[in-house]
Amino acid sequence: MMLDFSTLNGSFKNVSNDLKIFILYTKYCIINMINMDTREKEFIEGFKTYLSVEKNFSEHTLSAYCSDIVSFILWLDGISSVDVDFNKLREYLYFIQRFDYKKTTIARKTASIRTFYKYLFRERYIDTNPAVSLSAPKRPKSLPKFLTTEEVEQILNNVKIDTPAGFRNKVILELLWATGMRVSELSNLNFGDLNIEENEIKVFGKGAKERIVLISDRAKNYLVQYINTARNLIAPNYNTGIINDNTPLFINSTGFRLQNKTIRKAINEVVEKIELPKKVTPHVFRHSFATRLIENGADLRVVQELLGHAGISNTQIYTHISMKHMQEVYSTAHPHS
């Protein structure tokens, strides 16, 4: 049954009794930007600019934070966000505990609220910040998933390269494995970021931080073949223009920059084909890259630089993966284990 939210008068009380309906109602309001006070809309627009310009948030993170705040404002049900105190914030956190959210999602929603009130306080919309002491549940510590070298090679060897787009996908996966780039970093590559002679690529990571990643000779050879042949055949019916430093490296069939979802789809197709019993995402390639470097004795600081981690603690997790993998190999291979 299709729900017609346009018949509601905008009150949270009309939808709060059913959590599923509240989720749908929230999404409806986010898409249409309705049922919110004009001033609240202005707060959200200013907050969006703050996240984009000053915090350098990615489009994905920016969208998630703004959606979180819209949900929160709808829950306030007419109470102005600038009139909220700490107890009201805690009440909201208690409310979202009713949803089947992961702890990581609740932690992000809490961070969204903290950042929103930090923005309101900085812009002097409020005299005191009620979210200063707001804490999120501790995130569960789990080791990142990774692939063995054999599994990576199995995926790479089963990419269909009989079409220009297929060859492009092969090059993309070779680069993910060779560099440990994030998928967003790879899809945002331009020709001006390449230093092929030196086997280097300039990438812009989180917070628009620039770093240099290195590519193997194998990945380099595939990349050169893609540039010289396959790329020109991917969008034959479209004028992709003259290549300059700002021209996107990887394009789709219409000549525009390739989207992250296309890369994920390419990986899923290969994984399903070879029936690999693992969930494989572009980020799993990144984890696999880092794990392999640590296992082969790479310095932790070097791995940190290659991955673009702000702090060494984010990189140290791969030493735990490496040790766990070593223990598993020992238990399997040693006769007295």
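Because the structure is predicted, anything quoted here is derived from the model rather than measured.

J.: Whenever I open this one, the overall build of the protein confuses me. Can you help?
T.: Scanning the protein for helices and strands turns up 13 helices and three strands. Counting only residues that meet the buried cut, the protein has 42% of its 337 residues in that class. Accessible area of the protein: about 19,300 Å², with a carbon and sulfur share of 50%.

J.: Is there a simple way to think about the pattern of salt bridges in this case?
T.: Close approach of charged atoms allows side chains with opposite charge to pair. Using the criterion set out here, one finds 13 salt bridges in the structure. Of the charged contacts, one joins K48 and E45 as a salt bridge, the two residues approaching to 3.7 Å between their closest N and O atoms. On the criterion of helical spacing, the pair formed by K48 and E45 is a turn pair, its members being three residues apart in helix α2 (residues 38–54). Among the ionic pairs, E54 bridges to R122, the shortest N-O distance being 2.5 Å. Highlighted residues: E54 in helix α2 and R122 in helix α5 (residues 103–122), separated in sequence by 68 residues.

J.: What is the right way to read the pairing of strand β3 (residues 210–214) from this model?
T.: Burial along β3 is one-sided: R211 and V213 are buried, and none of E210, I212 and L214, which face the opposite way, are. When strand β2 (residues 200–204) meets β3, the two strands line up antiparallel, connected through five bridges. The partner of F204 across the bridge, within β3, is E210. What sits between β2 and β3 in their antiparallel hairpin is a turn of five residues, with G207 showing a positive phi close to 70°.

J.: Just checking my understanding: could you explain the packing of aromatic side chains for this structure?
T.: Pairs of aromatic rings are described using the distance from one ring centre to the other and the angle between the two planes. Enumeration according to the criterion identifies 16 aromatic pairs in this entry. Taken together, a centroid distance of 6.0 Å and an interplanar angle of 50° make the contact between F47 and Y119 tilted. In this pair, F47 sits in helix α2 while Y119 sits in helix α5, placing the two residues 72 residues apart along the sequence. Judged on exposure class, the residue F47 and its partner Y119 are both buried. Ring centres of F57 and Y65 lie 5.2 Å apart, and the angle between their planes is 80°; this geometry places the pair in the edge-to-face category. Using a relative accessible area of 10% as the deciding quantity, one classes Y65 as buried.

J.: Honestly, the environment of I161 in this entry has me stumped. Any pointers?
T.: Tracing the sequence through the fold places I161 in the loop between α6 (149–157) and α7 (164–179). The exposure class assigned to I161 is partly exposed, which follows from its relative accessible area of 44%. It is 9.6 Å that separates the C-alpha atoms of I161 and V171, two residues lying ten residues apart in sequence. Other than its neighbours up to four places away in sequence, I161 contacts G166, F167 and K170.

About the thresholds
Residues numbered from 1 in each chain as written. Predicted model: local features only at pLDDT ≥ 70, side-chain atom pairs only at ≥ 80, totals over all residues. Heavy atoms only, no water. Helix = DSSP H or I, 4+ residues; strand = E, 2+ residues; numbered from the N terminus. Buried < 20%, exposed > 50% of the residue type's maximum accessible area, 1.4 Å probe, protein only. Areas by Shrake-Rupley, 256 points an atom, 1.4 Å probe, with all protein chains shown as cover. Salt bridge = Lys/Arg side-chain N within 4 Å of Asp/Glu carboxyl O. Pairing = 2+ DSSP bridges. Phe/Tyr/Trp six-rings, centres within 6.5 Å; stacked < 30°, edge-to-face > 60°. Contact = heavy atoms within 4.5 Å.

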